[in-house]
Amino acid sequence: MNPVTPPKLVVEALTREAFAPFGEVIDAAAATTSFPINQGTATRFHALAKADCSDAGGVTLLSIVRAQARTLPFTVRLLERHPLGSQAFIPLAAARYLIVVAEHPDSRPRVFLADAGQGINFYRNTWHHPLLALDRVSDFLVVDRGGPGDNCEEQPLNQAWRIPAAAAASADPLGQNGWRYGKPEEIG
C-alpha cells in the first residue's frame, strides 16, 4: 500500500497586506511612521508591531532562539497557538524562513517566505507552525509572554500538508529570488 502524499501548499511572499489576518510584518519597508532620532544620525521606523503580553499577570520577555535549518520538501503535521499573548520573531542575520499559519487547525494553511530583514509578530491565538528556518542554523530575537498560565497549545493536524522543495524559490516578491538585501553569501 502506498502512503498518501499530503496536498501541496503554495508559498506566498510575506507582505503586510497578505499577513494582516495573522499578525504584523516587522520590516522598515512596512513602517507607516518614521522620523530622525539621535541628532539625525539614525531613523526610527516607529511602532512596527505591538507586543500583547500583559493579560493574566504576563510580562514581555526578550529571548534568542537558535533554529536548525529545515529542508524542503517539508510536511506540516501540527500547529500551535499562544492564547495569552502575541509572539514575534526577528532574524538576527539575513535569514530566509517560512511562516505557516491557519485560521484553524482544520483549515488549509498558508505559507509565507520571509525575506532577509523581515520579522513577524503573531497575534494572540494565531494558529501557526513552529519556526521553519531555511538554508542554515539561524538566530532569532523572540518577543513573547512569560508569566502564569499555559500560553502554548499544540494541535496535531487531521490533514497533513506538504511544502514542496521548489516552493521557497517560487515566492519572489521583489524579482530578486526572494532577497531584498542580497543573498546571505553576499551580505555576510
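Values in this document were obtained by computation on a predicted structure and should not be read as measured data. (Residues numbered from 1 in each chain as written. Predicted model: local features only at pLDDT ≥ 70, side-chain atom pairs only at ≥ 80, totals over all residues. Heavy atoms only, no water.)

**Considerations on the overall build of the chain**
Test applied: What counts as a helix is a DSSP run of H or I of at least four residues, what counts as a strand is a run of E of at least two, and both are numbered from the N terminus. Note on classification: 1.4 Å probe, protein chains only; a residue is buried when its accessible area is under 20% of the maximum for its type, exposed when over 50%, partly exposed between these limits. We call two residues in contact whenever any of their non-hydrogen atoms come within 4.5 Å of each other. Note on areas: Shrake-Rupley with a 1.4 Å probe; residue coverage comes only from the protein chains shown.
Across its full length, the chain carries three helices and 15 strands. Sorting the 188 residues of the chain into buried and exposed places 43% on the buried side. A separation of at least 24 residues holds for 81% of the contacts in the chain among residues at least 6 apart in sequence. In the form shown here, the chain has an accessible surface area of approximately 10,000 Å², with 51% of it arising from carbon and sulfur atoms.

**Brief notes about the packing of aromatic side chains**
We apply this condition: Paired rings are identified among Phe, Tyr and Trp, the last through its six-membered ring, by centres lying within 6.5 Å, and are further divided according to the angle between planes into stacked (under 30 degrees), edge-to-face (over 60) and tilted (the rest).
All chains considered together, the criterion is met by seven aromatic pairs. On the basis of an interplanar angle of 90 degrees and a centroid distance of 5.4 Å, the ring pair of F19 and F112 is categorised as edge-to-face. With F19 in helix α1 (residues 16-19) and F112 in strand β10 (residues 110-114), this pair connects stretches of sequence that are 93 residues apart. Taken individually, F19 and F112 each receive the classification buried, so the pair is uniform in this respect. Here the aromatic cluster, defined as three or more aromatic residues joined through ring pairs, consists of F19, F22, F89, Y97, F112, F122 and F140.

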